[in-house]
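The primary structure of each chain is shown beneath.
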Amino acid sequence: MSVLIMLIFAGCGEDVDPNEPVGFIQVKGSDTIVNASQKVAEEFMKDYPHVFVAVTGGGSGVGIASLINKTCDVATASREMKPKEKEMAEERGVFPNEFTVAYDGVAVIVNKNNPVDKLTIEDFHKIFTGKATNWKEFGGKDLDIVTLSREVSSGTHIYFKEEVVQLGKKNSREEFSAQTLLLTSSQTIVEEVVTNEAAIGYLGMGYVSERTKALLVAKGSDFYPPDVNNVIKKTYPLSRPLYFYTNGEPQGAVKLFIDFTMSPKGQQQFIETGFVPVGATVASKD
Amino acid sequence: MHRKISEYIIESLIRLSGFLVIIFVFLIFLFLLRDSLSLFRVYRVGEFLFGRNWLPISEPPKFGIVPLLLGSIYVTVGAIVICVPVGVGAAMFIAEVAPKPIKHILKSLVEILASIPSVVLGFIGIVWLSPFLKNTFNLPTGMCGLTGSLLLAFMALPTIISISEDALVGVPRTYKEAAFGLGATRWQALWRIILPAASSGIIAGVMLGIGRVIGETMVVMMVTGNSPVVPKSILQPLRTLTATIAGEMGETVSGSEHYFALFAVGLVLFVITFMINFIADSFLRRARK
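Residues numbered from 1 in each chain as written. Chains lettered and ligands numbered in written order. Predicted model: local features only at pLDDT ≥ 70, side-chain atom pairs only at ≥ 80, totals over all residues.

Peer 1: Go over the overall build of chain B, please, and point to the residues and values.
Peer 2: When its secondary structure is counted, chain B shows twelve helices and two strands. Written out in order from the N terminus, the α and β elements of chain B read α-α-β-β-α-α-α-α-α-α-α-α-α-α. When the backbone C-alpha atoms are referred to their principal axes, chain B occupies close to 75 × 70 × 30 Å. Counting every position in chain B, which comprises 289 residues, the buried fraction comes to 38%. (Helix = DSSP H or I, 4+ residues; strand = E, 2+ residues; numbered from the N terminus. Buried ≥ 20, exposed ≤ 12 C-beta atoms within 10 Å, placed from the backbone.)

Peer 1: Tell me about the environment of isoleucine 200 of chain A, and please be specific about residues and values.
Peer 2: Residues and elements named next belong to chain A. Its place among the elements puts isoleucine 200 in strand β8 (residues 199-204). In sequence terms isoleucine 200 and valine 108 are 92 residues apart; their C-alpha atoms lie 7.0 Å from each other. If we ignore the near neighbours within four places in the chain, the residues touching isoleucine 200 are Val108, Val110, Ile127, Ile145, Thr147 and Leu148. (Contact = placed C-beta atoms within 7 Å.)

Peer 1: I'd love a proper account of the domain arrangement of chain A, names of residues and values included.
Peer 2: Residue and element names in this part refer to chain A. Each assigned domain of chain A is listed with its residue range as follows: domain 1 (2-103 + 241-285) and domain 2 (104-239). Of all the secondary-structure elements, those providing two or more residues to the side of domain 1 that touches domain 2 are α3 (60-68), β4 (96-110) and α11 (278-285). Residues belonging to the side of domain 1 that touches domain 2 are distributed by class as follows: eight nonpolar, twelve polar and two charged. (Domains from an automatic or database assignment. Nonpolar A, V, L, I, M, F, W, Y, C, P; charged D, E, K, R; others polar.)

Peer 1: Before we move on, can you summarise unusual backbone geometry with the specific residues and values?
Peer 2: Residues and elements named next belong to chain A. Residue lysine 70 is not a glycine yet carries a positive backbone phi of 60°. You can see lysine 70 is positioned in the loop between α3 and β3 (74-77). With 12 C-beta atoms packed within 10 Å, lysine 70 lands in the exposed category. Even without a glycine there, the phi angle at leucine 167 is positive, about 50°. Structurally, leucine 167 is set in the loop between α6 (155-165) and β7 (181-183). Note on leucine 167: 14 C-beta atoms within 10 Å, which makes it partly exposed.

Peer 1: Which residues make up the interface of chain A and chain B, and what are the values?
Peer 2: Facing 28 residues of chain A, the contacting portion of chain B comprises 27 residues. Of the residues assigned to the side of chain A that touches chain B, the class counts are twelve nonpolar, eleven polar and five charged.

Structure, rendered in structure tokens:
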């Protein structure tokens, strides 16, 4: 309660140093990085106690839509904005500015009792389009495969659809099989995989835990686990950047927040929540 | 004189409230219709109503609501089949059979049941009911229509029980006494006399329960799996109209095709509930005659 009162008066308190930054930042979007964004926001608010940052999830689509609808200041996304979305934004006088804030691997998880340990992108393609329906085909038990996906608002959903379901082909019209369960959050996917031996689902590697088994993935012949090193080296085939979007050049409190996110202290929060900081990737190139 | 004025004011205020309700319903309908029609300028009505694919973010998008409509119907019918017999039976027990102390306990428990938030039920559904059904029926996944139906039946029960119980208690004592006087047993009096006499109230309770079931969103979104597939059985994952609106509204840009499509789904839902209420109303009127 006292925090709430503090917040209400934060903007109009008389004891605030006039040079101190004051403001309210609404951060909205990707569920994949909602925990990381929350940590960044908490650290940021320790440095700038008079700026309040509110972080909410819902999915990358939700964040991008609210940036276009002008209901958030920073949209977080686990996919790039689509050309159609950029077009819609510009029609409404919003000019999205993209920041790559971290890198992530999309892990594919199965139940711990599932004997299958590794699969190729081609196998995932068959499973998620419904061309392969039994675990027997991949050396598993005689069980019908239950495919789990996030809702269409998820950036991970769209990334996975482009890279796996459509195999990265721009003109592909393939879709997730209609039998695929569309679950509302990464956590629901984890719960279903824990209780269902036949389930397979995908999520950001920050959600991988001891309760499920993350599969080794190969694009060609070499299999790699989803971990920080393989994302840095780009050997894990399902690696992707994560983005923050602002409307135009960030200004005032929003600029401070973006600068803080890119600073070592901000990047540290991504490391702690299981993501790969931007610098690490650059460093590994040398 | 003074009295007349105040009476006039109160009367017009009440009249205004009455008209306001009608105006609100009408405005909501117009609002839904306006945004839905925007969809039909770019998307054919036939494809919307009879299309078997719901692929809102594909290029080009497909907005066929057959899978969603069937999903809603399956879950609702399943819930009705479960909750109507149980609800009416419980009401009969509370009203006519149960001894006084048990009656009071049951009545307050039913009220507590009504106050459980739907999201909590959804949570129980995910963690407990869905694995249980999966193992019992040997299903590939427990996130299916039946899980939703069971939880929705649970949610509709308090409404059906309280209203039916009121209706049963409201039957004049003389009916029962006359039945006993003619030599009817307790069961015969309850089944043949009291239940038919209370039928209009019971139907009203059932209809209100159905209204709650078909409009419920949170529970079905959490436990039915949301696969936009044309369902063949209630043991399959399915996607309802309400879950589609709730799941996708957040990511649509206002004024886009997808946004209008969700309004059109809302319009369909509105028409369905309107029809249910209309039917319930005509039933009630017939029962009263």
